[in-house]
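# Fold and contact review
Chain residues, written in single-letter form:
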Amino acid sequence: MTDPRNSDSAGSKGPDQATVQEHIFTSQYNRLALLDTVPEHVMILDTTLRDGEQTPGVALSIDDKIKIATALAELGVDVIEAGFPMTSAGERESMRKIADLKLGSRICGLARCNKADIDAALDCKLDYVHTFIATSDLHLTHKLRMTREQVKAKAIEAIEYAKSHGLTVEFSCEDGTRTDLAFLKEMHQAVQQAGVDKINLPDTVGTMSPPAMEELVKQLMTVTKVPLSIHCHNDFGLAVANSLAAVRQGAKQVHVCVNGMGERCGNASLEEIVMGLTAFYGTKTNVVMNRIGYTSKMVSRLTGIPIPDNKPIVGNHAFAHESGIHVHGVLKNPATYEAFSPELVGMRRNIVVGKHSGAHSIREKLSQYGMELTEPQLTDVLEKVKRLAESGKEVDDAELVALASHVLGQSVRSRHKITLKEFTVFTGLNITPTSTVVIELDGETRRSSNIGIGPVDAALNAIKAAVSDKISLVEYRLSAITGGSDALCEVSVKLQLNDEKALSIGKSIGTDIVLTSVDATIEAIDRLYSRKNA
Ligand code: KIV
Ligand code: ZN
C-alpha cells in the first residue's frame, strides 16, 4: 500500500489539460472516430455509497461512509449518491452527517416514486434526490404488477412532490434499456413536463452492447432536453464501454463506482470512465486525476473488496513491467509500453524482477535501493534471480536486495546500526493506540512514544520518532501466508530517509502482525543507516 502522505501529487488540483494530454499515449485512430455530439465536459455522479454498497458482503459503518464521502468530494466528483434513505435509520443518520459536512460535491439520496421515500430524503436535509421506477414490461408484469399509465402517473406525482419541496430531481426509468422505445420516450417527455432536472438511463442488468447504446441514446436525445445521464452495469464486462458509447451520443453525466463496485458484476468504474473520457474524447471532468490511486486504495481497504492485480488504472500490475524487452523500452521511453503515465492517476511504475527479466530491470531496481553493481555482478544476480524464479519462487524487492548484497559481499542483515531494546503497544476499544519503544542507534539509547490510527501505525510512528531523522513510509505490505487466527503473516516495509531518492526495504515473517511490522521496519532502518554510514 502506498502511503498517500508521501505522494507529492495527492491533494493538489493536478496538471492542466494540455499537460494531461502530454502524458497520454493512446492510438491516433481514436481521433478519427470523434463525433460533434461528444460533450466537452461530463459530470460524474459517484454511487459507491449506494449501488457500490449493494456489492454482496459490503456494509459500511457510518464513520467509513463519512471517510469515503470526504475522499470522493476531494476527488472532485460532482454528485455523491450517498445512500437510499428509506433503507434504515442508520442509513439516514450517515446521510444526514454527510450532508452536514457541506462537502464540495452535491449529496443525493435514492428514492422510489413515493412520498415516504422522498420525505426520508428531506429528513436527511438533502437537496438532491434520485427517484426511479421500473418501466420495462418485464418489470411491470412480474415485479410491479402495474400498467404503463400507472407507472407514468406515479413518476409524475413523485417528481412534482419533490420539486414542490425545492429538491433537484434526477429521474431513472429502471431497466430503461429493456423498455419499449416509444414508452421510454413518452416517459422522458412526461417527467420533463413534471419539472425533472436530469434524466438517467439505467442499463440495470448490463444487457446492452456499445453500438446498441449509441443507437438508443441517439433516439432519446431527440426528446430529452434536460441533461441525460447514463448508469451501466457490468454483466457482460461492458459497463465502461457502454457508458462511453452513451457519452459519444451526447450523455452529459456518467454514474460510476470506485473500483467498479456495485450490484452483481458492478457498475462502470470511476477510474476507467475518467481516464476513458480524457484519453479517447479529450472530455473534461472535475475529477482530480492524481487522487484516483489513493481513493481507490482507500475504498478497497474500507469495503474489504480487494483490487484485482490486473484491474486497469489502479491494479498492482497496471504499471508493472517484467519482461526484459518491455523494461528496456519503458526505461528509454515509457510510452513504448504504457498507455499513460502512472503519475497522472497517482500510481507508480513498478519494475518486477522474475523469469523474464533482463539486466536493465535488475540495474534499475537496485538503483532504487542505492545499490550499484558492475556488469559481471549484475549478470551474477540476474542468473540467481532466474534460477529462483524458474523454481516457482517469487522474487520480491527484499529478496533481490538480499541477493545483490550477497554478490557484493555485504552482510544481508547486519543489524549493527539499530537494535530494538524494548517495545510496548496499548490498544483496545475507544482508546487511541499508543506505543513506546527503546532503541539503540549507533550505541546511543533512545526512547520515544507515539500514537497512531492502529497499533501498527502507533508502533511505526514511535520508531520513526525515536530515530529522529525524517523517515517516510513509502510502502507497507501485509500478506497472510497461512490461514486461521494463528496464521503466519509476511510484512514488507519500504522507507526513505530525509529527501534521499533511494529506498530501503525490510521484510519479516511472524505470527504477530505488530511485532512482525516492527521487525521489518527495524531491518529497513538498519539498511538505511548502514548505507548512510558506508
Ligand atoms: O441499476 C439500476 O437500475 C439502479 C437504479 C436504482 C437506477 O441502480
Ligand atoms: Zn444500478
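Think of each chain on its own: its residues are numbered from 1, step by step along the sequence as written. Here chains are named by letter from A upward and ligands by number from 1 upward, in the order in which they appear as written. Only residues with pLDDT of at least 70 are given local features in this predicted model, and only at 80 or more are side-chain atom pairs given and counted; all residues enter the totals for whole chains, interfaces and linings. Heavy atoms from the whole structure form the basis of all side-chain values; hydrogens and water molecules are not counted.

### Side note on the coordination of the zinc ion (ligand 2)
Note: metal donors comprise N, O and S atoms at 2.8 Å or less from the metal (3.2 Å for Na, K and Ca); water molecules are not included, so apparent gaps in a site are possible. Distances from the zinc ion (ligand 2) to its protein donors, Asp-51 (OD), His-231 (NE2) and His-233 (NE2), fall at 2.0 to 2.1 Å. Sequence spacing of the donor residues for the zinc ion (ligand 2), all on one chain, is D-x179-H-x1-H. Within this pair, whereas Asp-51 is found in the loop between β1 (43–46) and α3 (62–75), its partner His-231 is found in strand β7 (residues 228–232), the two being separated by 180 residues in sequence. Relative accessibility thresholds used throughout: buried, under 20% of the residue-type maximum; exposed, over 50%; partly exposed, between the two (1.4 Å probe, protein chains only). Look at His-231 and you get buried, because its relative accessible area is 5%. Here a strand is any run of E in DSSP of at least two residues, a helix any run of H or I of at least four, and the numbering for each starts at the N terminus.

### Brief notes about the pairing of strand β15 (residues 489–497)
Where burial is concerned, most of β15 is hidden: eight out of the nine residues are buried. A pair of strands is treated as paired once DSSP finds two or more bridges between them. As judged from the nine bridges shared by strand β14 (residues 471–480) and β15, these two strands associate in the antiparallel manner. Opposite Tyr-476, over in β15, you have Val-493 as the bridge partner. Note: β15 against strand β16 (residues 503–510), eight bridges, orientation antiparallel. For Val-493, the partnering residue across the bridge sits in β16 and is Gly-506. If you look at the hairpin formed by β15 and β16, you'll find five residues sitting between the two strands, and Asn-498 has a positive phi there, around 45 degrees.

### Regarding the pattern of salt bridges
By convention in these notes, a salt bridge is any Lys or Arg side-chain nitrogen within 4 Å of a carboxyl oxygen on Asp or Glu. All chains considered together, the criterion is met by 35 salt bridges. The salt bridge partner of Arg-248 is Glu-214, with a shortest N-O separation of 2.9 Å. Placement of the pair is Arg-248 in helix α10 (residues 239–248) and Glu-214 in helix α9 (residues 210–221), with a sequence separation of 34 residues. On the basis of relative accessibility, which here comes to 19%, the residue Arg-248 falls in the buried class. Among the ionic pairs, Lys-384 bridges to Asp-380, the shortest N-O distance being 3.0 Å. With Lys-384 and Asp-380 both in helix α15 (residues 375–390) and four residues apart, this pair spans about one turn of that helix. On the basis of relative accessible area, Asp-380 is assigned to the partly exposed category, the value being 28%. Several salt bridges converge on common partners, so that one network encompasses Lys-365, Asp-397, Glu-475, Arg-477 and Lys-494.

### Quick notes on the packing of aromatic side chains
Under the pairing criterion, centres of Phe, Tyr and Trp rings, with the six-membered ring standing for Trp, must be within 6.5 Å; the plane angle then separates stacked pairs below 30 degrees from edge-to-face pairs above 60, leaving the rest tilted. A full pass over the atoms with the stated rule returns two aromatic pairs. Centre to centre, the rings of Phe-84 and Phe-132 are 6.4 Å apart; their planes meet at 70 degrees, and the pair counts as edge-to-face. Placement of the pair is Phe-84 in the loop between β2 (79–83) and α4 (89–100) and Phe-132 in strand β4 (residues 128–134), with a sequence separation of 48 residues. Judged by relative accessible area, which is 18%, Phe-84 ranks as buried. Using a relative accessible area of 17% as the deciding quantity, one classes Phe-132 as buried.

### A look at the site of ligand 1
We call a residue near a molecule or strand when any one of its heavy atoms sits within 4 Å of it. In the vicinity of ligand 1, the residues found are Arg-50, Asp-51, His-130, Ser-172, Glu-174, Pro-202, Thr-204, His-231 and His-233. The definition of a polar contact used here is a pair of N or O atoms within 3.5 Å, where within protein one atom must be able to donate a hydrogen and the other to accept one, and adjacent residues in sequence count solely through side-chain atom pairs. Separating an oxygen atom of ligand 1 from a side-chain N or O atom of Thr-204 is a distance of 2.7 Å. Here His-233 contributes a side-chain N or O atom positioned 3.0 Å from an oxygen atom of ligand 1. Considering ligand 1 on its own, with 260 Å² of exposed area, one finds that the protein chains cover 94% of that surface. Its residues assigned to classes, the shell around ligand 1 shows one nonpolar, five polar and three charged. Using a 1.4 Å probe, accessible areas were evaluated by the Shrake-Rupley method; residue-level cover was limited to the displayed protein chains. Gly counts as polar in this scheme, as do all residues outside two lists: the nonpolar Ala, Val, Leu, Ile, Met, Phe, Trp, Tyr, Cys and Pro, and the charged Asp, Glu, Lys and Arg.

### Remarks on the sheet that holds strand β8 (residues 253–256)
If you trace the eight strands once around the closed barrel, you get β1-β2-β3-β4-β5-β6-β7-β8, paired in parallel fashion. The sheet shows a mean angle of 25 degrees between the axes of neighbouring strands, taken without regard to direction. By the bridge criterion, four bridges tie β1 to β8 in an arrangement that is parallel. Residue pairing in the sheet places Asp-46 in a bridge with Val-256 of β8. Helix-sheet contacts for α4 involve β2 and β3 (106–112), and the interaxial angle to β2 is about 150 degrees. Whether two residues touch is decided by their heavy atoms; if any such pair falls within 4.5 Å, the residues are in contact. Between N-to-C directions, angles span 0 to 180 degrees; the directions come from axes that are lines fitted to C-alpha atoms, helices contributing only their stretch in contact. Where helix α8 (residues 181–193) meets the sheet, its contacts fall on β5 (168–174), β6 (198–203) and β7, and the angle it forms with β5 comes to roughly 165 degrees.

### Re helix α16 (residues 397–407)
Counting buried residues along α16, nine of its eleven residues qualify, which places the element largely inside the surrounding structure. Those residues of α16 not exposed but buried are Asp-397, Ala-398, Leu-400, Val-401, Ala-402, Leu-403, Ala-404, Ser-405 and Val-407. Between a side-chain oxygen at the N-terminus of α16 and the backbone nitrogen of Ala-398 the separation is 3.2 Å; the capping residue is Asp-396. A positive backbone phi angle near 75 degrees is found at Gly-409, which sits one or two residues after α16.

### Some words on the domain arrangement of the protein chain
Considered domain by domain, the protein chain is made up of domain 1 (43–303), domain 2 (320–407) and domain 3 (418–532). Domain delimitation follows an automatic or database domain assignment. Placing the centre of domain 1 and that of domain 3 at their C-alpha centroids yields a distance of 43 Å.

### Quick notes on the packing of α9 against α10
In contact at an axis separation of 8 Å, α9 and α10 are set at 35 degrees when each is read in the N-to-C sense. Crossing angle aside, the handedness with which α9 passes α10 is right-handed. For the pair formed by α9 and α10, the contact residues are Pro-210, Met-213, Glu-214 and Val-217 on the first element and Ala-241, Asn-242, Ala-245, Ala-246 and Arg-248 on the second. Here the contact of α9 with α10 is built from residues that sort into six nonpolar, one polar and two charged. A crossing counts as left-handed when the near helix is turned anticlockwise from the far one by less than a right angle, and as right-handed when that turn is clockwise.

### Some details on the nonpolar core
Within this scheme, the nonpolar core is defined by two criteria: the residues are buried Ala, Val, Leu, Ile, Met, Phe, Trp, Tyr or Cys, and they are joined through side-chain atoms within 4.5 Å. Residues Ile-80, Phe-171, Met-213, Ile-273 and Ile-292 are the most contacted members of the largest nonpolar core, which totals 92 residues. Each of two domains, domain 1 (43–303) and domain 2 (320–407), supplies a minimum of three residues to this core. Beyond its immediate stretch of four places on either side in the chain, Ile-273 contacts Ile-44, Val-240, Ser-243, Leu-244, Val-254, Val-256 and Ala-268. Counting 27 residues, the second-largest nonpolar core is a separate cluster that includes Ile-418, Leu-441, Ile-471 and Val-491.

### Some points on the sheet that holds strand β13 (residues 444–451)
As summarised here, the arrangement of the three strands in space is β11-β12-β13, forming an open sheet in which the pairing is antiparallel. Strands with a single pairing partner mark the edges of an open sheet, and in this sheet they are β11 (418–426) and β13. Each strand axis lies, on average, 15 degrees off the axis of its neighbour in the sheet, ignoring direction. Of the strand pairs in this sheet, β11 and strand β12 (residues 434–441) are connected by eight bridges, and their pairing is antiparallel. Bridge pairing in β12 links Thr-419 to Glu-440. In this fold helix α17 (residues 455–467) packs onto β11, β12 and β13, with an angle of close to 140 degrees to the strand it touches most, β13.

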